[in-house]
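Remarks on the overall topology
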Amino acid sequence: MRKPSSKMTYPEVGEGKRGEQGYFGYLLRQAAAAYRRRVERSMTDLGVTQPQFAVLTMLANYPGVSNADLARLAVLTPQTVSVIIANLERAGYLVRRPHEVHGRIQHIDLNENGKRQLAECRKRVQDLERHLADNLSPDEAAVIRKWLVGLAAAHEDEASNG
């Protein structure tokens with residue numbers, strides 16, 4: 001005697017609560033996860049993950065940034081940033097140099113290998129970025145960017161006010 005299947009079916013992306021009837025927060029998370037998977041797939045052969053790409057990008061854009069600030073900029077925990085820094089250093093993408101004033105503090109910068117790797121990653125991510133905006137007018141893209149920045153800024157304000 002066969003047991004009846006208790007396997008539930010769930011809505012596909014775009015249907016029910018996974019679609020336009022869903023909560024904004026869930027839809028943002030769903031979209032972010034899909035984007036992260038695309039970024040990860042695009043850089044698989046480079047051996048770089050999306051969080052590593054974020055750290056490389058922030059190190060290139062904000063030389064001399066502290067690890068704590070790097071974590072905030074890359075939207076990662078300080079512990080995760082420490083592991084990523086160690087992995088990127090082991091991969092030969094970073095160089096440490098002593099702080100000019102505080103001898104125990106070390107600056108972390110991209111070396112030439114890190115700059116080349118970041119340039120290749122950026123090409124691939126820029127292709128994905130163009131694809132994201134394929135069906136948007138420049139005005140629509142600007143409205144979405146403004147909305148997303150507003151959400152993040154409101155969260156920052158809430159976090160800093162307690």
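Placed above this text is the structure.
Here's a quick rundown of the structure.

1. Here we look at the nonpolar core
Core analysis: the largest hydrophobic core is formed by 26 residues, its most contacted members being M43, V55, L56, L59, L70, I85 and L94. When residues of this core are traced back to their parent elements, those giving at least two are helix 2 (50-61), helix 3 (67-74), helix 4 (78-90), strand 2 (106-110) and helix 5 (112-132). A per-element tally of this core places helix 2 first, with six residues. Setting aside residues no more than four positions away along its own chain, L94 makes contact with L56, L59, I85, L88, E89, I108, D109, L110 and N111.

2. Let's talk about the pattern of salt bridges
In this structure the tally under the stated criterion is nine salt bridges. As a salt-bridge pair, R96 and E89 come within 3.0 Å of each other at their nearest N and O atoms. On the accessibility criterion, E89 (32% relative accessible area) is partly exposed. Several salt bridges converge on common partners, so that one network encompasses D45, E120, K123 and R124.

3. Section: the packing of helix 1 (residues 24-42) against helix 5
Running from N to C, helix 1 and helix 5 point in directions that differ by 145 degrees, and their axes come no closer than 9 Å. Crossing of helix 1 against helix 5: the hand is right-handed. On helix 5, the residues touching Y35, R38, V39 and S42 of helix 1 are R124, V125, L128, E129 and L132. The residue makeup of the contact of helix 1 with helix 5, split by class, is five nonpolar, one polar and three charged.

4. Let's talk about unusual backbone geometry
Peptide bonds are mostly trans, and most non-glycine residues show a negative phi. Even without glycine at this site, V75 takes up a positive phi of about 55 degrees. Residue V75 is classed as exposed on the basis of its relative accessible area of 72%.

Calculation rules
Residues numbered from 1 in each chain as written. Predicted model: local features only at pLDDT ≥ 70, side-chain atom pairs only at ≥ 80, totals over all residues. Heavy atoms only, no water. Core = buried A, V, L, I, M, F, W, Y, C linked by side-chain atoms within 4.5 Å. Buried < 20%, exposed > 50% of the residue type's maximum accessible area, 1.4 Å probe, protein only. Helix = DSSP H or I, 4+ residues; strand = E, 2+ residues; numbered from the N terminus. Contact = heavy atoms within 4.5 Å. Salt bridge = Lys/Arg side-chain N within 4 Å of Asp/Glu carboxyl O. Axes fitted to C-alpha atoms, helices over the stretch in contact; angles between N-to-C directions. Left-handed = near helix turned anticlockwise from the far one by under 90°. Nonpolar A, V, L, I, M, F, W, Y, C, P; charged D, E, K, R; others polar.

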